[in-house]
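An overview of the molecular structure
What follows is each chain in one-letter form.
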Amino acid sequence: MNKRISGAIFCAILTAMASLQASDKTLRADYIFSGGTRPTAISLHRLSVTDGWYGRPANLDSAPVEGNGEIRMTDDATGRTLYVNTFSTLFHEWLTTDESKTLVKGFENTFLLPLPDAKATISIKLYDTHRRVCCEFSHPVDPADELLSHKEPSSVPYRYIHKGGDSKGCIDVAIVGEGYTAKERKLFYKDAKSAVESILSTEPFTSHKDDFNFIAVAAESNDSGVSVPQEGKWLNTPVGSHFDTFYIKRYLTTSNVFDIHDLLQGLPYEHIVILANTEGYGGGGIYNSYTLTTAHHEMFAPVVVHEFGHSFGALADEYAYENEDYDDPYYFPDVEPWEQNITTRKDFPTKWKDMMDAGIPGVGLYEGGGYLLKGVWRPAEDCRMRSNKSEGFCPVCRRAIERMILFNTGK
């Protein structure tokens, strides 16, 4: 072979390999997902960059589960996938409500990606409840773009509650205070410590506590507590959370996703737990978005673990409602759910059949889950994803969470 040609090929390979590497910076991508009485649409709101990459160190080109949406970044020169992740959103849930049949609404969504070294393309897909692509959107990203803003780290004070190791090899979780005034900072740190202890005392997190870092981010609130719309109570808090989401009394969420990430900008985090300074009962957890839960209810400990099972573990609710005949269910008999802890038996061998065949105690098929009394099955009589009285996660959920930990740490 001609040495000159061989050298050129070698240089081309090196160049291609270099273009697939991501710098130690985070690209924050903000979007608006909208829809309802009009078709679902995605629009880019803003791109920005901060120093440090605190996402997973390995498996960048694959995702652990399907989710309700996917974001993918590909290298323009080679077409190779630089990064992919899956997620769920509050927007997806809203599309199943009666309100979505009468108007169009937009929801904020933020994703963190490793900043590429060369020109790339980001693509997003959203799926409906039948697992069909309902919307696709792509746009370019150029790390040399002069209009790509570089942001300084947030000035919000934070401290480590638990440090399992270096951020490069650990899963970084931010515990954010919501509705804590400056005088209540010590109370927030105490609540954050309790939240971390609750999570790390539950398997499989206990066995993998060295794979996690938890920081407590003391966001200062003008008002103490959180908003309760049914009581006409609206407060000025860091991320504007409130009860009564979708008119469900105990559903505590926030639509102000950009505000959350503004508070955390440049800090070591990839997952988010928000603690609300209230004695009310409620919360919410959205896969790869956030957990939000009340901090002073007597069921705080099991609830924060349950919600983290959603946001980190990608687990489904295993309980059912007495009235199962609602117009827009999440699960259908002809579609196997993407969550690992429920099944419609459409493709059950991909779930926990192997654990049943192995005779693992407590694992079986119990009808009722995913909010439905019939047509959806769960793996155990009780589990943290079913009730607050359970001792912890069932074997199937423990395996699903452990798989997520190993995937995110590259072990």
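Data block above holds the structure.
Below you will find a few notes about this structure. (Residues numbered from 1 in each chain as written. Predicted model: local features only at pLDDT ≥ 70, side-chain atom pairs only at ≥ 80, totals over all residues. Heavy atoms only, no water.)

1. Looking at helix H4 (residues 257–264)
Counting buried positions along H4 yields 6 of 8 residues, so the element is predominantly enclosed. Within H4, the full set of buried residues consists of Val257, Phe258, Ile260, His261, Leu263 and Leu264. Glycine 266 sits one or two positions beyond H4 and adopts a positive phi of about 80°. (Buried < 20%, exposed > 50% of the residue type's maximum accessible area, 1.4 Å probe, protein only. Helix = DSSP H or I, 4+ residues; strand = E, 2+ residues; numbered from the N terminus.)

2. What about the environment of glycine 282?
Counting through the fold element by element, glycine 282 comes out in the loop between strand S12 (271–276) and strand S13 (283–286). Look at glycine 282 and you get buried, because its relative accessible area is 5%. If we skip the residues at most four places from it in the chain, glycine 282 touches Phe243, Arg250, Leu252, Thr293, Thr294 and Val303. (Contact = heavy atoms within 4.5 Å.)

3. Thoughts on the sheet that holds strand S6 (residues 120–127)
Ordered in space as S4-S3-S6-S7, the 4 strands form an open sheet in which the pairing is antiparallel. In the strand order of this sheet, the two ends are held by strand S4 (81–87) and strand S7 (133–141), each with one partner. Looking at each pair of strands side by side, their axes are set apart by 15° on average, direction ignored. By the bridge criterion, 8 bridges tie S6 to S7 in an arrangement that is antiparallel. Opposite isoleucine 124, over in S7, you have phenylalanine 137 as the bridge partner. (Pairing = 2+ DSSP bridges. Axes fitted to C-alpha atoms, helices over the stretch in contact; angles between N-to-C directions.)

4. Topic: the sheet that holds strand S14 (residues 290–294)
The 6 strands lie next to each other as S9-S11-S10-S12-S14-S13, forming an open sheet whose pairing is mixed. Every interior strand has two partners, whereas the edge strands, strand S9 (158–163) and S13, have only one. The mean inter-strand angle of the sheet, taken between neighbouring strand axes irrespective of direction, is 20°. Here S13 pairs with S14 via 4 bridges, running antiparallel. Considered in S14, the bridge of glycine 283 is made with threonine 293. The sheet strands contacting H4 are strand S10 (171–178), strand S11 (212–217), S12 and S14, and the helix crosses S12 at an angle near 105°.

5. Regarding the packing of helix H3 (residues 185–200) against helix H5 (residues 300–311)
It is at 9 Å that the axes of H3 and H5 come closest, and there the two elements cross at 65°. Classified by the angle their axes make, H3 and H5 are roughly perpendicular. As for the relative orientation of H3 and H5, their crossing is right-handed in sense. Along its contact with H3, which presents Asp191, Ser194, Ala195, Ser198 and Ile199, the element H5 presents Phe300, Ala301, Val304, Val305 and Phe308. Classifying every residue of the contact of H3 with H5 by side-chain character gives 7 nonpolar, 2 polar and 1 charged. (Parallel < 35°, antiparallel > 145°, perpendicular 65-115°, else oblique. Left-handed = near helix turned anticlockwise from the far one by under 90°. Nonpolar A, V, L, I, M, F, W, Y, C, P; charged D, E, K, R; others polar.)

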